[in-house]
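Survey of secondary and tertiary structure
The primary structure of each chain is shown beneath.
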Amino acid sequence: MCFGPKGWGFPGADPAPLLDPDRFLDAPALRAHLFDHLVGSLINTRPPGEDPTEVFRPSTRHDPDQVRRWLGFLAHYLHTSSTRDLAWWQLARNTNALAPNTRIAFGAFTALAFAVLIVLLTALTGVGASMEGQIFENGPTAVVFAGIPIGFAVGLLVGPAAAVAAGAWAREEPGFLNLRLRGRLNLLLRRFAVEIASGFAFASVLGTTVVFVTELPDYLFESGSAPGERLGDALVLGGAVGLWAGPVVGIARGVVSWAETPTPEARASTPPVNWRADRALNLLCAGMSGIAVGISTGVLFGTDYIGIAYQGGFEERLWIGLMFAFVFGSVSGFVNGLVFGRHRAWFAYLAATRRLAATGRLPRRLMAFLDDAHRLGLLRAVGPIYQFRHAEIQDHLAAWYTGQASPAAAGDNAGVPSVAVP
């Protein structure tokens, strides 16, 4: 701590009261008093600056009591984790933010949301009621019922996949988007081969499932064909979907799997830079997958490629293709971002911060707050992790948060200046 003129909470404050033996019997009592006023003193003496180059001024004006509570929770969290290192990607793991019941609820919500989305899509486009062989009459009720099997099939695939994938987020390390081609061309070609093959398999299974479930009402209510014929037709159409969508999706997935790498240890990084790099990687994964599947689905449902004929002309086909491209592209981008990849720490961070913010223990924009705490001098950055400026500050805040220590009463602090860390 600095006891120079710039260290006091108020300019020109007299440090003599700090030397009163009747008010502070020993060094620990004086130190506890200074720690009690540390947060408020720093916020009062360092208001937000308009110049972004002022690295010792926060970007936002914070409430001292709220900052104290948030830092107290973080200090308590580090204390219970037996560490001094605040790694943003470990927050979900150490706070159990992705417990089994949370993952199950997340999977169920995802499945329901996408099922409803698909049903609304068919209602908007009328694709279910205009497909040849549909048993329902044209009309609002018809198109809604026609979309239920497709929505059920998509939800059945998306929901469990999201629930299972969420369990791995908290164990993954941050990633880095490496687009350097030199010396990595062979790796890119291998990734293309693997991902195109897996894309064909996944698209074929998805196409077969959707087509079979869509045709199931015909079999249940009509006796024109045997179940084997229905399944055979579904397999043929599913294979056609795989032949078209597999290469498109595989190329997109190949680029992502090639570009995502662990953050190099030799790479100079700060916590915000490390966090933004992992966020960029996950958004690229979701974006490229969404675009690839959107294009594939738009062509499939907007043309006769898989043998589905629609009543109407070019405008109706264009409308149907665009709507399916948007919805299935969004679904695919979301699912690929959640399920695929080896570095999904950003998703774990989002789950943890949203849950902790809902209970008031942390701010929703945690990384921005930590950056401000660093600018105020409360935290220090050591590579991609944060630490409290001094271990005794962490210990004091952790004890205060659990009720073992409390701020000095306001009446005892009259005329006693505060001290700030430079």
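See the structure above.
Before going into details, it helps to say that this report is about the structure given with it. Quantities reported herein were computed from a predicted structural model and do not represent experimental measurements. The residue numbering used here restarts from 1 in each chain and proceeds along that chain's sequence as written. A pLDDT threshold of at least 70 governs which residues receive local features in this predicted model, and a stricter bar of 80 or more applies before side-chain atom pairs are shown or counted, although totals over entire chains, interfaces and linings include all residues. Side-chain numbers here rest on the full set of heavy atoms in the structure, without hydrogens or water.

**Observations concerning the packing of aromatic side chains**
Working definition: rings of Phe, Tyr and Trp (its six-membered ring) pair if their centres are within 6.5 Å, and the pair is stacked with planes under 30 degrees apart, edge-to-face with planes over 60 apart, and tilted otherwise. Counted according to the given criterion, the structure contains eight aromatic pairs. Judged by centre distance (6.0 Å) and plane angle (70 degrees), the ring pair of Phe73 and Tyr401 falls under edge-to-face. Here Phe73 is found in helix α2 (residues 64-80), whereas its partner Tyr401 is found in helix α13 (residues 391-401), with 328 residues between them in sequence. Residue Phe73 is classed as buried on the basis of its relative accessible area of 6%. The way it works is that DSSP assigns letters per residue, a run of H or I at least four long becomes a helix, a run of E at least two long becomes a strand, and they are numbered from the N terminus. Exposure classes here rest on a 1.4 Å probe applied to the protein chains alone. A residue is buried below 20% of its type maximum, exposed above 50%, and partly exposed in between.

**A look at the pairing of strand β4 (residues 385-388)**
Side chains Ile385 and Gln387 of β4 all project onto a buried face; the interleaved residues Tyr386 and Phe388 project onto the opposite face, where all are buried too. Here the rule is simple: two strands pair whenever DSSP picks up at least two bridges between them. Hairpin geometry of strand β3 (residues 379-382) and β4 is characterised by an intervening segment of two residues between the two adjacent antiparallel strands and by a positive phi of about 65 degrees at Gly383.

**Looking at helix α1 (residues 27-45)**
A helix's residues, less one, multiplied by 1.5 Å, set its expected span. When the terminal C-alpha atoms of α1 are compared, their 25 Å separation across 19 residues agrees well with the 27 Å that a helix rising 1.5 Å per residue should span. The angle separating two fitted axes, one through the seven residues that finish at a residue and one through the seven that start at it, defines the bend at that residue. For α1, the principal kink sits at Leu38 and spans about 45 degrees. Regarding α1, the residues found buried are His33, Leu34, Phe35, Asp36, His37, Leu38, Val39, Gly40, Ser41, Leu42 and Ile43.

**A look at the nonpolar core**
Formed by 50 residues in total, the largest nonpolar core has its most connected members in Leu71, Leu74, Trp169, Phe369, Leu370, Leu378 and Phe388. Mapped onto this core, the elements with two or more residues apiece are α1, α2, α3 (91-95), α6 (140-169), α11 (345-358), α12 (366-376), β4 and α13. Not counting residues up to four positions away in its chain, the partners in contact with Leu370 are Leu74, Leu86, Leu379 and Tyr386. Within the second largest apolar cluster, 14 residues are counted, among which are Val158, Ala252, Val293 and Val331. Take the buried residues of types Ala, Val, Leu, Ile, Met, Phe, Trp, Tyr and Cys, join any two whose side-chain atoms come within 4.5 Å, and each joined set is a nonpolar core. Residue contacts follow a heavy-atom distance rule, with two residues in contact if any of their heavy atoms lie within 4.5 Å.

**Thoughts on a nonpolar patch on the surface**
Together, Leu112, Val116 and Leu120 line one region of the surface with nonpolar side chains, adding up to about 280 Å² of accessible area. Here Leu112 shows up in helix α4 (residues 100-125). A residue counts toward a patch only above 30% relative accessible area and without a salt bridge, and it is joined to like-charged neighbours within 9 Å or, for Val, Leu, Ile, Met, Phe, Trp and Tyr, to nonpolar neighbours within 5 Å. Residue-level accessible areas treat just the shown protein chains as cover; the underlying method is Shrake-Rupley with a 1.4 Å probe. Salt bridge, as used here: a side-chain nitrogen of Lys or Arg that lies within 4 Å of a carboxyl oxygen of Asp or Glu.

**Side note on the environment of Leu338**
Checked against the element boundaries, Leu338 lands in helix α10 (residues 314-339). Counting along the chain gives 52 residues from Leu338 to Ala286, while the straight-line C-alpha distance between them is 8.2 Å. Look past the residues within four positions of Leu338 in its chain and what remains in contact with it is Phe106, Ala162, Ala165, Trp169, Arg344 and Phe347.

**Quick notes on α12**
Within α12, eight of the eleven residues are buried, which leaves it mostly tucked inside the rest of the structure. At the exit of α12 stands Gly377, carrying a positive phi of roughly 95 degrees.

**What to know about the environment of Asn101**
Its location among the elements puts Asn101 in helix α4. A sequence separation of 62 residues divides Asn101 from Ala163, and the C-alpha atoms of the two residues are 9.7 Å apart.

**Thoughts on the packing of α1 against α2**
Axis separation between α1 and α2 bottoms out at 9 Å; the angle between their running directions is 125 degrees. Taken together, the axis directions place α1 and α2 in an arrangement best described as oblique. Between α1 and α2 the crossing geometry is right-handed. Residues Phe35, Asp36, Val39, Gly40 and Ile43 of α1 lie in contact with α2, whose contacting residues are Pro64, Val67, Arg68 and Leu71. Grouping the amino acids of the contact of α1 with α2 by side-chain chemistry returns six nonpolar, one polar and two charged. Helix axes use the C-alpha atoms of the stretch in contact, all axes being lines fitted to C-alpha atoms, and the angles between their N-to-C directions lie in the range 0 to 180 degrees. Working definition: roughly parallel below 35 degrees, roughly antiparallel above 145 degrees, roughly perpendicular at 65 to 115 degrees, and oblique for all remaining angles. Crossings are classed by handedness, with left-handed meaning an anticlockwise turn of the near helix from the far one by less than a right angle and right-handed meaning a clockwise turn. Each residue receives one of three labels: charged for Asp, Glu, Lys and Arg, nonpolar for Ala, Val, Leu, Ile, Met, Phe, Trp, Tyr, Cys and Pro, and polar for the others, Gly being one of them.

Everything listed is a geometric property; what it means functionally is a separate question.
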